[in-house]
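Observations on the three-dimensional arrangement
One letter stands for each residue in the lines below.
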Amino acid sequence: MARDTLLDFFADLSRARGPFLVHDDGFRERRFSYEDVGSAARAFAARLHDAGLRKGDAVVFFSENRPEWIATFWGCLLRGIVVVPIDYRSAPDFLLRVARIVKAKVVLTGQDVPPLDASALAATGAEPWTMASVSWQHDGRVSREPVTITRDDTAEIIFTSGATADPKGVVITHRNVLANIVPVETEVLKYRKYAGPFSPIRFLNLLPLSHMFGQAMATFIPPMLPGVVIFMRGYNPGEIVAQIKRQRVSVLVSVPKILDVLREHVLRLAPEAATPGPKQHFAKRWWRYRRIHRLLGLKFWSFVVGAAPLETELEAFWGELGFAVIQGYGLTETAPIVTLNHPFGTRRGSVGKAIAGVQMKIAEDGEILVRGENVTTGYFNAAEETAKEKDVILREIAMTRDDPDNRFWEAFFATAFREHPYRHPIIGYRDVFSAVTRDDLLAYYRTRYVPNNLVVVVVGDVDVAATQALVAQHFGSVPRARLAPVLVPGEPTALARREQHLVEDLELTRAGL
């Protein structure tokens, strides 16, 4: 089982037999086999080459979950094209900013995304393509220029949203992803021979494919079985339950909020689930809650949860009903898995053990440190962006030196305070800031920019519950950290008059009467 690059994994995927992807958009249902996905990926790779795209070029994905997403993802990797996935719920302005940053050649859009301004997209230099235009038939031609792909080639760049600054792109290589999927595949192979009576194992994936964990649970892990992945439109709990039963789903992949919504739905239909029963064997608990198991279908047995923390009470609720709740810990920078619960040995309240090849430890300040081949090599254009931002601030510092008002207030506070930090200019000192490195900035950010040191201010006529849910969605997965104390020295009493006289040549002048 050679796994030098992700293309080795694709070779096995495309040779697999049986159904792979199901898409129910609420109007029709489409089904595709592993062979179909392999053919579509090769056809798309040929289309990229014919359009002039070469290794290292970037294609932005802006689409809802659908089979074409998977096929085009593999098509890009076959030609060494870098995939840049954007959450389909993002604002078009965010997409355009990312397209400019990566110098995208193509933007692939789905059907459930907001419309893009044609002139604004053209200004980025990217050509618009649609997922609906993807061909599921490969013409069989193989006369393409060969492309050499290595483990350290970039597979994709995952961007985080930036409200006031440019988004930050996490560079993910073939090596990073393989460091995640090979340990999982090794474990899956130990148990695959026992899966016969339960095959095919079907996954209803509600995590966006723009999220690394969503990708893993649709693109990489199901083919190891091989399994079937189902995509649906919307998050209505009644429709989710109906899909689980009708499609004979075994595993639901989602964020914790979906489990909460489903709990409310189940309690409306089966109020007896609200009262935990006595400690019993799994089979007896299953029989006690058989009404709920019939509701979800007899094949359904597990939730795989990611992208946010899972409340212990919510995990206990579904565990009491006889369902396995599997969670892990990770982040985009670790491609994404760091720890994972074993499906046959889950432990409530735990995110599992570190996967093979990953080392972890807790720093003195409480920060989780991770080392392994799954850790990103860095951020896209990080050095250039840091230098650019430093230059902006250095120019701002220079401007303060030519402003009499700024010079007056700097002199005033430096004279009035001898010990208190008020004596320092807010923007800082040129010589100090010039010596600051990117590592210095990151260390400060990781130390001080933590949830227990932040305040979220929301102003306006907003829905409180919806706002709290959004705050939890965007900040809930960020771990708390131990904050080092900030010592502010007391200012000694002034015992004599203090003066400072400045005579300088300035470009700006002020006149007063």
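Further up the page is the structure itself.
Per chain, residues are indexed from 1 in the order of the written sequence. Two thresholds apply to this predicted model, a pLDDT of at least 70 for residue-level local features and 80 or more for giving and counting side-chain atom pairs, whereas whole-chain, interface and lining totals are computed over all residues. Side-chain measures were taken over the full set of non-hydrogen atoms in the model, leaving aside hydrogen atoms and water.

1. As for the overall build of the protein chain
Note the threshold: Runs of E in the DSSP output that reach at least two residues are strands. Runs of H or I that reach at least four are helices, and both are numbered from the N terminus. Where accessible areas are quoted, they stem from the Shrake-Rupley method and a 1.4 Å probe; at the residue level, only the protein chains shown are allowed to cover. This count recognises Lys and Arg as positive and Asp and Glu as negative, with His and chain-terminal groups excluded. By convention, the charge on Lys lies at NZ, on Arg at CZ, on Asp at CG and on Glu at CD.
Looking only at helices and strands, the protein chain has 17 helices and 17 strands in total. In terms of overall dimensions, the protein chain has C-alpha extents of about 90 × 65 × 45 Å along its principal axes. Of the roughly 27700 Å² that the protein chain leaves accessible, carbon and sulfur atoms contribute 56%. For the protein chain, the centre of its 62 positive side-chain charges and the centre of its 58 negative side-chain charges are spaced 9 Å apart.

2. Quick notes on the pattern of salt bridges
Condition: A pair is scored as a salt bridge if a Lys or Arg side-chain nitrogen falls within 4 Å of a carboxyl oxygen belonging to Asp or Glu. Exposed residues in this analysis have more than 50% of their type's maximum accessible area, buried residues have under 20%, and partly exposed residues fall in between, with area computed by a 1.4 Å probe over protein chains only.
The full count for this structure, using the stated rule, is 22 salt bridges. One salt bridge in this structure joins E187 and K190, with 3.2 Å as the shortest N-O distance. Placement of both E187 and K190 in helix α6 (residues 174-191) is noted, with a separation of 3 residues, approximately one turn of the helix. Judged by its relative accessible area of 27%, E187 falls in the partly exposed class.

3. Looking at the side chain of T467
As a reminder of what qualifies: The contact criterion used is simple: two residues touch if any of their non-hydrogen atoms lie within 4.5 Å.
Residue placement: T467 occurs in helix α17 (residues 464-475). Given the relative accessible area of 18%, T467 is considered buried. The contacts of T467, once residues within four sequence positions are left out, are V458 and V462.

4. Structural notes on unusual backbone geometry
With an omega of -10°, the peptide bond running from L225 to P226 counts as cis. By the secondary structure assignment, P226 is in the loop between α7 (212-220) and β10 (228-232). The omega angle of the peptide bond from A335 to P336 is -15°, so this bond is cis rather than trans. Note that P336 resides in the loop between β13 (324-330) and β14 (337-340). One non-glycine residue with positive phi stands out, namely R248, at about 55°. In this fold, R248 is placed in the loop between α8 (237-246) and β11 (251-254). Exposure remark for R248: the relative accessible area of 47% places this residue in the partly exposed category. One non-glycine residue with positive phi stands out, namely A335, at about 60°. Overall, A335 belongs to the buried group, its relative accessible area being 3%.

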